[in-house]
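Coordinate inspection notes
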Amino acid sequence: MLYKSKKRNNDSSQLLTLAIVSACLLITACSSDDADLDVDVMSLAIVRGLTGDPSTGRTLPSIDDPKPQLGKKLFFTKGLGGDDDSACVTCHHPSLGGGDNLSLSIGVGAEDPDLLGPGRLHDVAAVGGVFDGGPTVPRNAPTTFNIGMWDQVLFHDGRVESLSKIAGANGDDGVDGLGIRTPDSEFGVADPRAANDTLVAAQSRFPVTSPEQMHGFSLPTQDTNDKIRDALAVKLAGDIDWGNEFVIAYGDSAISYDRIAESIGEYERSQVFVNSPWKAYVEGNKTAISDSAKRGAKMFLSSIPMGGANCISCHAGNFLTDEQYHVLATPQIGRGKGDDNGTLSNDDFGRFRESQLDFDMYRFRTPSLLNVEVTGPWGHAGAYTSLENMVRHMLNPAEAIANYDFSQLDSTVQAADMLTNTQFALTQLEANRASNFSGVHRNVAFTEADVADLVEFLKALTDPCVKDRSCLAPWIPDTGETGPDGLQLNAKDSTGAFL
Ligand code: HEC
Ligand code: HEC
């Protein structure tokens, strides 16, 4: 059984909406302020080609299918960690918005491997790495929700990317043969391992190779990525219970990392959470969102000369991302990627790290904003812990940096170099503005009411399911079980309650 959302209503629903909009222009009952607002927002939505539903035209798996079911077990096992202490779910738990609710992730060597979210700390006695007491992962963990909607790039710097750049290709480059570039291949060159992968399957080959995320430091460091993956496949194959799980999904008990990657990818791609009030509104339910959210939508969708904030220029389409890179100079906290800006060597150059092209300096991928209410902290380094302040940054980055409140960060997060490093990104932003760089961010004049309206709009992008533990239950293994290898991560919060 496949979750299918066909293209069916696309054109007809737009025509219907146009009809409603034009009807409202004529009928007196629609001439109140509220109706004017609806007309404005719907006209803008139509001009921007929005239908509210990013899953249109895509074939995505159901969580009930065999491969996602196997993928769920793999996603939740610490057995894919080198030291059996970190799983994919460590940083991507459905109850935590598909992320970890931390500014910067903590993978291996945690005080309590099963404690996720605030309160998760590194064990000072843990072996390996250069440890300063803070998070060792340099970037914020993005959500896995709606991950199957990405067609072009994964990661903040797009280091897993489709070379076809064809929107709607579903990340599956078996179709046009150009393939997927990964960190295992040169920039611009397809990775042969990923020849039959979706983007997500290609991505899932990497966390297990990262010492900080999953691999740990006790196994030999000279292992290649392939050796690490093969060793994991052999490790699982040594367990009859895993073999039985693979029989259910694949018909035989052979275990390869290709199969592991595919089933984890299918589990993630089954996380389709798109039924937001905004979608209901665009589809015609005028009471689905508040007036404040409508004012926010109007601002989001309008250009700056029209009095808007032009968010849509980057957060484009129904998935609310152009899948491109931009300089936004969000605060650079954490230990960084080791990039040397001439003053410090713990900066993060973003897309430049991959392309080595000057114009990519400090550019990061535009995130989707679906369910953004539950995917904080925000920014590539998770520097903002409130959506209000994240939005203020998007309206005027330099002002937000100047007003940045360091007390919002956990005390272990490395923030001493924030202002110095971030100034380099701000300077780059200014230079791009001066040269009229295509699509460059421009400051927006705003009031506090504007911020509140924009936040209301962003909250209207939340599918209620992602805030409802019982609705999320199909994606979380029964916490009473231990999984095929006894290493299932049954996550709890700092109070000890199961997530
Ligand atoms: C220690 C925390 C941690 C663990 C464990 C972890 N991840 Fe992640 N994940 C991250 C971080 C941080 C990023 C962003 C890294 C970057 O962009 O440079 C990320 C990125 C991703 C992305 C890309 C999301 C996007 O929007 O581009 C996917 C998909 C993903 N992880 C899936 C997985 C899977 C599958 C596993 C297990 C095999 C896993 N992760 C294990 C922290 C983690
Ligand atoms: C010039 C392109 C551009 C414009 C205009 C823009 N954004 Fe963004 N937005 C980005 C990029 C790129 C990021 C990621 C920055 C990073 O990770 O450091 C981002 C991040 C965000 C985030 C955090 C998401 C997350 O998961 O961390 C929110 C919320 C957001 N933008 C909302 C808005 C709003 C609201 C507006 C309009 C006021 C807006 N953006 C305007 C490109 C843009």
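The rules behind the values
- Residues numbered from 1 in each chain as written.
- Chains lettered and ligands numbered in written order.
- Predicted model: local features only at pLDDT ≥ 70, side-chain atom pairs only at ≥ 80, totals over all residues.
- Heavy atoms only, no water.
- Near = heavy atom within 4 Å.
- Polar contact = N/O pair within 3.5 Å; in protein donor to acceptor, adjacent residues only side chain to side chain.
- Helix = DSSP H or I, 4+ residues; strand = E, 2+ residues; numbered from the N terminus.
- Nonpolar A, V, L, I, M, F, W, Y, C, P; charged D, E, K, R; others polar.
- Donors = N, O, S within 2.8 Å, 3.2 Å for Na, K, Ca; no water.
- Tetrahedral: all angles 85-135°; square planar, octahedral: opposite > 155°, others 65-115°.
- Buried < 20%, exposed > 50% of the residue type's maximum accessible area, 1.4 Å probe, protein only.
- Domains from an automatic or database assignment.
- Contact = heavy atoms within 4.5 Å.
- Buried area = accessible area lost by both parts, 1.4 Å probe.
- Salt bridge = Lys/Arg side-chain N within 4 Å of Asp/Glu carboxyl O.
- Core = buried A, V, L, I, M, F, W, Y, C linked by side-chain atoms within 4.5 Å.

**What to know about the site of ligand 1**
For ligand 1, the set of nearby residues contains 27 residues, the closest of which are Cys-88, Cys-91, His-92, Phe-155 and Arg-365. Arg-365 places a side-chain nitrogen or oxygen 2.8 Å from an oxygen atom of ligand 1. Those elements that provide at least two residues to the shell around ligand 1 are helix H5 (211-215) and helix H8 (257-269). In terms of residue class, the shell around ligand 1 is built from 14 nonpolar, nine polar and four charged.

**Remarks on the coordination of the iron atom of ligand 2**
Ideal coordination angles are 109.5 degrees for a metal with four donors arranged tetrahedrally and 90 or 180 degrees for a metal with six donors arranged octahedrally. The protein atoms that coordinate the iron atom of ligand 2 are His-315 (NE2) and Met-394 (SD), at distances of 2.1 to 2.4 Å. Around the iron atom of ligand 2 sit six donor atoms, and with donor-metal-donor angles ranging over 86 to 179 degrees the site reads as octahedral. Of the two residues, His-315 sits in the loop between helix H10 (291-301) and strand E6 (325-327) while Met-394 sits in helix H12 (residues 387-395), which places them 79 residues apart along the sequence. Accessibility expressed as a relative area gives 10% for His-315, which makes it buried.

**Points about the domain arrangement of the protein chain**
Segmentation of the protein chain into domains returns domain 1 (2-58), domain 2 (62-271) and domain 3 (325-443). Placing a centre on the C-alpha atoms of domain 2 and another on those of domain 3 gives a separation of 25 Å. Contacts between the two partners involve 32 residues from domain 2 and, on the opposite side, 33 residues from domain 3. Here domain 2 and domain 3 share an interface that buries about 2500 Å² over both sides, 50% of which is from carbon and sulfur atoms. If you look at where domain 2 meets domain 3, you find four salt bridges. Among the salt bridges present, the one from Arg-139 reaches Asp-348, with a minimum N-O distance of 2.7 Å.

**Some thoughts on the nonpolar core**
Counting residues in hydrophobic clusters, the biggest one holds 71 residues, and the most contacted among them are Trp-278, Phe-300, Ile-333, Leu-395 and Leu-458. Elements with a contribution of two residues or more to this core: helix H2 (33-47), helix H4 (199-203), helix H9 (277-282), H10, H12, helix H13 (397-402), helix H14 (418-434) and helix H15 (448-459). Excluding residues that lie within four positions of it along the chain, Ile-333 makes contacts with Ser-103, Leu-104, Pro-138, Ala-381, Gly-382, Ala-383, Leu-409, Val-413, Gln-414, Ala-415 and Met-418. Counting 38 residues, the second largest nonpolar core, distinct from the first, contains Val-89, Ile-228, Tyr-250 and Cys-465.

**Examining the coordination of the iron atom of ligand 1**
Just one protein ligand coordinates the iron atom of ligand 1, and it is His-92 (NE2) at 2.1 Å. As for its position among the elements, His-92 is in the loop between helix H3 (66-75) and strand E3 (153-154).

**Comments concerning the environment of Asp-360**
With respect to the helices and strands, the residue Asp-360 is situated in the loop between helix H11 (352-355) and strand E7 (363-365). Residue Asp-360 is classed as buried on the basis of its relative accessible area of 4%. Between the alpha carbons of Asp-360 and Phe-349 there is a distance of 8.1 Å; along the sequence they are eleven residues apart. In this structure, Asp-360 is in contact with Phe-349, Arg-351, Phe-352 and Ser-355, ignoring residues within four places of it in sequence.

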